[in-house]
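Residue-level structural notes
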Amino acid sequence: MIHVALLRGINVGGNNKIDMKELKAVFEEAGMSSVKTYINSGNIVFDSTASAEELPVILEAAILAHFGLPIKVLVYSFDDFKRIIGDIPGSWTNDTNMKSDVWFLWPEADSESVLEQLVIKPEIDRVLYVPGAILWSVDKEHVTRSGMQKVIGTKLYKLVTIRNVNTVRKLLGLMEEMNNEK
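Everything quoted here is computed from the prediction, not taken from an experiment.

**Here we look at the overall build of the chain**
Looking only at helices and strands, the chain has 4 helices and 8 strands in total. Helices and strands appear in the chain in the N-to-C order β-α-β-β-α-β-α-β-β-β-β-α. For 182 residues, the compact-globule formula gives about 16 Å, and the C-alpha radius of gyration of the chain, at 16 Å, lands near that figure. When burial is assessed residue by residue, the chain has 46% of its 182 residues classed as buried. Long-range pairs, those at least 24 residues apart, make up 68% of the contacts in the chain with a sequence separation of at least 6. Of the accessible surface of the chain, which amounts to about 9000 Å², a share of 51% is contributed by carbon and sulfur atoms. Side-chain charges of the chain comprise 20 positive and 24 negative groups, with the mean position of each set lying 6 Å from the other.

**Details of helix H3 (residues 78-86)**
When we look at burial in H3, the residues that qualify are Phe78, Phe81, Ile84 and Ile85. Looking straight down H3, one finds its buried side chains confined to an arc of 130°; they lie on one side. More than 90 degrees from the buried face of H3, the exposed residues found are Asp79 and Gly86. Elements that come into contact with the buried residues of H3 comprise strand S1 (2-7), strand S4 (73-77), strand S5 (98-105), strand S6 (125-130), strand S7 (133-139) and helix H4 (165-181).

**Regarding the sheet that holds S4**
Read from one edge of the open sheet, 4 strands run S2-S3-S1-S4, paired in antiparallel fashion. What marks the edges here is a single partner per strand, and that holds for strand S2 (33-38) and S4. Strand-to-strand twist of the sheet, defined as the mean angle between neighbouring strand axes without regard to direction, takes the value 20°. As defined by bridge partners, S1 adjoins S4 across 5 bridges and the pair is classed as antiparallel. Note that in S4 the partner of alanine 5 across the bridge is valine 75. Packed onto the sheet, helix H2 (residues 55-67) meets S1, strand S3 (43-47) and S4 and runs at close to 140° relative to S4.

**Some thoughts on the packing of aromatic side chains**
Taken as a whole and judged by the stated rule, the model has 5 aromatic pairs. On the numbers, 5.3 Å between centres and 55° between planes, the contact of tyrosine 76 with phenylalanine 104 is tilted. One end of the pair, tyrosine 76, is in strand S4; the other, phenylalanine 104, is in strand S5, and 28 residues separate them in sequence. The burial state of tyrosine 76 is the same as that of phenylalanine 104; both residues are buried. Centre to centre, the rings of phenylalanine 81 and phenylalanine 104 are 5.7 Å apart; their planes meet at 15°, and the pair counts as stacked. Pair noted here: phenylalanine 81 is in helix H3 and phenylalanine 104 is in strand S5, with a separation of 23 residues, a long-range link. Like phenylalanine 81, the residue phenylalanine 104 is buried in the burial classification. Linked through ring pairs, Tyr76, Phe81 and Phe104 together constitute an aromatic cluster. The positively charged end of arginine 8 is found above the aromatic ring belonging to tyrosine 157, 5.2 Å away from the centroid. Note that lysine 72 overlies the ring of tryptophan 106, its terminal NZ or CZ placed 4.3 Å from the centroid.

Rules and cut-offs
- Residues numbered from 1 in each chain as written.
- Predicted model: local features only at pLDDT ≥ 70, side-chain atom pairs only at ≥ 80, totals over all residues.
- Heavy atoms only, no water.
- Helix = DSSP H or I, 4+ residues; strand = E, 2+ residues; numbered from the N terminus.
- Rg over C-alpha atoms; globule rule 2.2 N^0.38 Å.
- Buried < 20%, exposed > 50% of the residue type's maximum accessible area, 1.4 Å probe, protein only.
- Contact = heavy atoms within 4.5 Å.
- Areas by Shrake-Rupley, 256 points an atom, 1.4 Å probe, with all protein chains shown as cover.
- Lys, Arg positive; Asp, Glu negative; His and termini not counted.
- Charge placed at Lys NZ, Arg CZ, Asp CG, Glu CD.
- Arc of directions from axis to C-beta.
- Pairing = 2+ DSSP bridges.
- Axes fitted to C-alpha atoms, helices over the stretch in contact; angles between N-to-C directions.
- Phe/Tyr/Trp six-rings, centres within 6.5 Å; stacked < 30°, edge-to-face > 60°.
- Lys NZ or Arg CZ within 6 Å of the ring centre and 35° of its normal.

Keep in mind these values describe shape, not function.
Here you go:
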């Protein structure tokens, strides 16, 4: 089954440096096949017979053993990832005018009640909860006033990994290509 792994906190500000070619080899050594990495922030599309529940344990252990880093890994099946990405409004972009992100949630934070932990400014923030993620968009001219920045450093912040909509749409495209090749 096709999956995507999202690693939290690698190659950020010179910390937790992981080479993507090396990471690809670690995934293959852990039994994953058709492994493809996308950009340097820890996005890996792969095929595996293991379940989405087993995979984080397997991959976190492999990364720790190889790199010596306790990196959290969130894994979504192709169907679950497609469902989440399908809920992103088509008009949302990540460009010079708009900042749009997907905040992928670890299971202990995955509930609609997570919205109560956010500082949402309705006049500038567009925020949606979908099972597995928070979708957040703000016009670039209002980013510094957005409630998005208020989450950094909170308990919730440690239970999310964030990707912009361009990245998640590209990852979905890679998963679709892999699915079509089967």
